[in-house]
Amino acid sequence: MTFQEQYLQSLSVRPALPPAFPAHSFAGVFYELLPDTVDLFPTVLSGGTVELTSAHTLSFAPLNCYMLLYTRIGKGTLRIQSKTHALEPGKLLCMDCSASPYMIETTDIPWRFSVFLIQGSFFTHLLSLVPFDVFLVHSLSGYSPILSGLERLLGNGHTASLYNKLSDAALLQDIATTLVIESYQLEPMEPKCAPYLLEIKQYLDMYFAQPFHLEDLEERYHISKYRICHEFSKTFHAPPLKYLNARRLNAAVQLLLTTDKHVHEIAMDVGFDNTNHFINLFKREKGTTPQAYRDANKG
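What you see is a predicted model, and the numbers here were worked out from it, not measured in a lab. Residue indices begin from 1 for each chain and proceed along its sequence in written order. Residue-level local features of this predicted model are given only where pLDDT is at least 70; pairs of side-chain atoms are given and counted only at 80 or more, and the full residue set underlies all totals for whole chains, interfaces and linings. Hydrogens and waters are ignored; side-chain quantities use all the structure's heavy atoms.

1. Observations regarding the overall build of the protein
Thinking step 1. Within the protein, the secondary structure is distributed over 11 helices and 9 strands.
Thinking step 2. Relative to the 2.2 N^0.38 estimate, which gives 19 Å for 299 residues, the radius of gyration of the protein is 21 Å and therefore close to what a compact globule would have.
Thinking step 3. By the burial criterion, 47% of the 299 residues in the protein qualify as buried.
Thinking step 4. Throughout, a contact is declared for two residues whenever any of their heavy atoms are within 4.5 Å. Long-range contacts, defined here as pairs at least 24 residues apart, represent 73% of the contacts in the protein between residues at least 6 apart.
Thinking step 5. Each accessible area value is a Shrake-Rupley result obtained with a 1.4 Å probe; residue values ignore everything except the protein chains displayed when judging cover. Just so you have it, the protein exposes about 14900 Å², and 53% of that area is on carbon and sulfur atoms.
Thinking step 6. In this tally, Asp and Glu contribute negative charge and Lys and Arg positive charge; neither His nor the terminal groups of the chain are included. By convention, the point assigned to a charge is CZ for Arg, NZ for Lys, CD for Glu and CG for Asp. Looking at the protein, you have 24 positive and 29 negative side-chain charges, and the mean spots of the two groups are 2 Å apart. Numbering of helices and strands starts at the N terminus; helices are DSSP runs of H or I of at least 4 residues and strands are runs of E of at least 2. Only C-alpha atoms enter the radius of gyration; for comparison, a globular chain is expected to reach 2.2 Å times N to the power 0.38, where N is the number of residues. Think of it in three bands: with a 1.4 Å probe and only protein chains considered, a residue is buried below 20% of the maximum accessible area for its type, exposed above 50%, and partly exposed in between.

2. What about the pairing of strand β4 (residues 57-60)?
Thinking step 1. Burial of β4 is two-sided: the residues Thr-57 and Ser-59 facing one way and the residues Leu-58 and Phe-60 facing the other way are all buried.
Thinking step 2. Two strands pair when backbone bridges link them, and β4 and strand β8 (residues 102-119) are joined in this way by 4 bridges, in the antiparallel orientation. Bridge pairing in β8 places Thr-57 opposite Glu-105. A pair of strands counts as paired when DSSP detects no fewer than two bridges linking them.

3. Description of the nonpolar core
Thinking step 1. The biggest cluster of nonpolar side chains holds 31 residues, and the ones touching the most others in it are Ile-200 and Phe-278.
Thinking step 2. Elements represented by at least two residues in this core include exactly α5 (195-206), α6 (214-221), α7 (225-236), α8 (240-258), α9 (263-270) and α10 (275-286).
Thinking step 3. When residues of this core are assigned to their parent elements, the largest contribution, 8 residues, is made by α8.
Thinking step 4. Leaving out residues up to four positions away in the same chain, Ile-200 has contacts with Leu-217, Tyr-221, Ile-228 and Phe-232.
Thinking step 5. Counting 29 residues, the second largest nonpolar core, distinct from the first, contains Leu-11, Phe-113, Val-115 and Val-134. Here the nonpolar core consists of buried residues drawn from Ala, Val, Leu, Ile, Met, Phe, Trp, Tyr and Cys, with membership extended through side-chain atoms lying within 4.5 Å.

4. Digging into the packing of α9 against α10
Thinking step 1. Between α9 and α10, the shortest axis-to-axis distance is 9 Å and the interhelical angle comes to 90°. In terms of orientation, α9 lies roughly perpendicular with respect to α10. Along the contact surface, α9 presents Val-263, His-264, Ile-266 and Ala-267, while α10 presents Thr-275, Phe-278 and Ile-279.
Thinking step 2. For the contact of α9 with α10, the residue count by class is 5 nonpolar, 2 polar and no charged. Think of each axis as a best-fit line through the C-alpha atoms, taken over the contacting stretch in the case of a helix, with angles from 0 to 180 degrees between the N-to-C directions. Should an angle fall under 35 degrees it is taken as roughly parallel, and over 145 as roughly antiparallel, whereas 65 to 115 is taken as roughly perpendicular and any remaining angle as oblique. For this classification, Asp, Glu, Lys and Arg are treated as charged, while Ala, Val, Leu, Ile, Met, Phe, Trp, Tyr, Cys and Pro are nonpolar and the rest, including Gly, are polar.

5. Here we look at α8
Thinking step 1. With 19 residues, α8 should cover 27 Å at 1.5 Å per step; its first-to-last C-alpha distance of 27 Å lies within 8% of that length.
Thinking step 2. In terms of burial, α8 is largely enclosed, as 14 of its 19 residues are buried. An expected span of 1.5 Å times one less than the residue number is assigned to each helix.

6. Let's talk about helix α3 (residues 145-155)
Thinking step 1. When α3 is considered as a whole, its buried residues turn out to be Ile-146, Leu-147, Gly-149, Leu-150, Glu-151, Leu-153 and Leu-154.
Thinking step 2. Polar contact is defined as a pair of N or O atoms within 3.5 Å, subject to the rule that within protein one atom must be able to donate a hydrogen and the other to accept it, and that residues adjacent in sequence are counted only when both atoms are side-chain atoms. With a side-chain oxygen positioned 3.0 Å from the backbone nitrogen of Ile-146, the residue opening α3 is Ser-144.

7. Some remarks on the pattern of salt bridges
Thinking step 1. Between Lys or Arg on one side and Asp or Glu on the other, a salt bridge is scored when a side-chain nitrogen of the former is within 4 Å of a carboxyl oxygen of the latter. Inspection of the entire model under this criterion finds 11 salt bridges.
Thinking step 2. Where Arg-112 meets Glu-51, a salt bridge forms, and the shortest distance between an N and an O atom there is 2.6 Å. On the criterion of sequence distance, the pair formed by Arg-112 in strand β8 and Glu-51 in strand β3 (residues 43-52) is long-range, its members being 61 residues apart.
Thinking step 3. By relative accessible area, Arg-112 is classed as buried at 6%.
Thinking step 4. Overall, the relative accessible area of 26% leaves Glu-51 in the partly exposed class.
Thinking step 5. Through salt bridges with shared partners, a single network forms among Lys-75, Glu-88 and Lys-91.

Following this line, the structure appears as structure tokens:
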């Protein structure tokens, strides 16, 4: 039995969905699989960005997979083990779908989310190392590496090529590992470093849309910009300007998917005063132009 058949067998829908939205669309696109790799490393079974525009409930029997579900706009509800849990914008659900029956409901429409159903012993082994029960809901910031990983995963191919499967596996391992580290606080939220570096990072996180110049840091801290870049990069794995651009691009992704603003408006909103520079940088980091990204993922 294929995974799509297993999925449909596990799913009942109340009330009936409109004909334009078949029940299996909740799972996104069903991926072509390489049988030799499914048990070898993390594998995407289905995934994509879904938008529900009417109120309904989807009821699931246990299914042998894990689910990652990231809410972009609107709101949904997870009902499991007689408890209700909100799935709100900016929050990522990670769940063992084999552990218990569960229900997903729309509570604020339209509800747009990205969802992946995945398999692989990696998840079982990883989650056995922490007090993971059946699921966790984790808040993601706009510059979270988990969010960046999900965006890249959305851009990968669905076909059964070894390249696609290896690329998916690498991203899934990074996403899951970072999720466990952050959710269970396996390391300090901020690395130990000079206080001025934390100040710079906090400023970039909060005021990323403001003009920024390394010379201003030299004047403020009386430290050469070369030393600042070296120490910041050593601590946060990217120099200040690259970190800032990543923060701005992730904010731009959210605006592309949740607003109808023009690309040049979004560029200005997140801190780029040159639209062409913004488009070129976005294409280099995301693999496509901002408008093409919006068209492919906004639903």
